[in-house]
Amino acid sequence: MSCSDRWLALSIGNSRLHWAAFSGNDLQQTWDTPHLSAADVQQLIATQFTKSAFHPSLHDNADGAHMPLWIASVVSQQSLLWQKYDAATFITLEQVPLAGLYPTLGIDRAIAALGAIAIVGRPVLVIDAGTALTFTGVDGARLIGGAILPGLGLQFQTLQQATAALPNALPAALPASEERVAPQLLPPRWALNTTDAIASGIIYTLVAGLQAFVNDWWQQFPASPVLLTGGDRDRLYAYLTATMPAMASKLTVEPQLIFWGMRSVRGESLKAES
Ligand SMILES: Nc1ncnc2c1ncn2[C@@H]1O[C@H](COP(=O)(O)OP(=O)(O)OP(=O)(O)O)[C@@H](O)[C@H]1O
Ligand SMILES: CC(C)(CO)[C@@H](O)C(=O)NCCC(=O)O
Ligand SMILES: [K+]
């Protein structure tokens, strides 16, 4: 792969930015950053992503051509900052080859579904445990539908913000290595202190709801793969493993779905051009 095959994928979420460096179809690195200011973006463009400790893998990007940047955003104030960058491509629903998309569907959901299809085929159900938690189901080349609810972090935060006496009780994340086998991170369902009572209410309700959605999906599409992605994927998977191990064992955790989807969109677009 020559330097000119390098490109960046940027998924703009509600909490933060998710970046990937590709060489052609090979995903080389991923990293997250906070949302950026206009000045940050200007500097990244001016220095072609090489400066300001942005990301070490990009420090040798010195061949002069502007780095292609593919953007999928659900936060317009953040994507607007890139409007003047001549090498940016903004992915829209028109570029997603699925039928049945409704106009206000989040581009992240459509692209994650494409990514899922690319790696496991269809039908497939995607559960994105991000700022919002979403279910997105596709069969054939059609969106079947989905659902949106407050994500795990948001459920803890809103409860705290809207009540005078309740603390933010989101349990601390475990080190990644321990996370998938950590039943001790679950509070007792019948809690005897405030922190546990909040965690119990949110976590047991979330996993019960998730089970209901997944079982309904499997009634319609028996044995369909179900993929779990998003910033809370490991935490949620640990809760599921602890509460319903049989179901958890049939789910697949896939951190990079959005990037597999962006790679598909780019691939189709390059094919169409040539
Ligand atoms: N370093 C981190 N910074 C922020 N959130 C984190 C981090 N690590 C894990 N998380 C969890 O990730 C969740 C946000 O997920 P994610 O980063 O996928 O969301 P997003 O992509 O910004 O938002 P959206 O739902 O709009 O896609 C939060 O609820 C939080 O608990
Ligand atoms: C639900 C979120 C916030 C998840 O990131 C995003 O996909 C979005 O803003 N969606 C728009 C509404 C919809 O998908 O129906
Ligand atoms: K997301």
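One can find the structure itself at the top, above this paragraph.
Predicted, not measured: the structure shown is a model, and the values here were computed from it. (Residues numbered from 1 in each chain as written. Chains lettered and ligands numbered in written order. Predicted model: local features only at pLDDT ≥ 70, side-chain atom pairs only at ≥ 80, totals over all residues. Heavy atoms only, no water.)

A. The arrangement of the site of ligand 1 in detail. The environment of ligand 1 is formed by 14 residues, the closest being Arg16, His18, Thr131, Gly231 and Asp232. Arginine 16 is positioned with one of its side-chain polar atoms (N or O) 2.6 Å from an oxygen atom of ligand 1. One of the side-chain nitrogen or oxygen atoms of aspartate 232 is found 2.7 Å away from an oxygen atom of ligand 1. Bound to the protein, ligand 1 loses 71% of the 630 Å² it would expose on its own. A breakdown of the residues in the shell around ligand 1 according to their chemical character gives 2 nonpolar, 9 polar and 3 charged. (Near = heavy atom within 4 Å. Polar contact = N/O pair within 3.5 Å; in protein donor to acceptor, adjacent residues only side chain to side chain. Areas by Shrake-Rupley, 256 points an atom, 1.4 Å probe, with all protein chains shown as cover. Nonpolar A, V, L, I, M, F, W, Y, C, P; charged D, E, K, R; others polar.)

B. Just the sheet that holds strand 6 (residues 124-129), in detail. Spatially, 8-7-6-9-10 is the arrangement adopted by the 5 strands of the open sheet, whose pairing is mixed. In this open sheet, the two edge strands, each paired with only one partner strand, are strand 8 (142-150) and strand 10 (251-253). Put simply, the sheet's adjacent strands are angled 20 degrees from each other on average, direction ignored. Note that strand 6 and strand 9 (residues 226-229) share 4 bridges and pair parallel. Bridge pairing in strand 9 links isoleucine 127 to leucine 228. (Pairing = 2+ DSSP bridges. Helix = DSSP H or I, 4+ residues; strand = E, 2+ residues; numbered from the N terminus. Axes fitted to C-alpha atoms, helices over the stretch in contact; angles between N-to-C directions.)

C. Inspection of the packing of aromatic side chains at higher detail. Tallied over the entire structure, the rule returns 9 aromatic pairs. Ring geometry for tryptophan 19 versus tryptophan 31: centroids 6.1 Å apart, planes at 5 degrees, classification stacked. With tryptophan 19 in strand 2 (residues 17-23) and tryptophan 31 in strand 3 (residues 26-33), this pair connects stretches of sequence that are 12 residues apart. With relative accessibility at 0%, the residue tryptophan 19 sits in the buried group. Three or more aromatic residues joined by ring pairs form one cluster here, namely Trp19, Trp31, Phe49, Trp82 and Tyr85. (Phe/Tyr/Trp six-rings, centres within 6.5 Å; stacked < 30°, edge-to-face > 60°. Buried < 20%, exposed > 50% of the residue type's maximum accessible area, 1.4 Å probe, protein only.)

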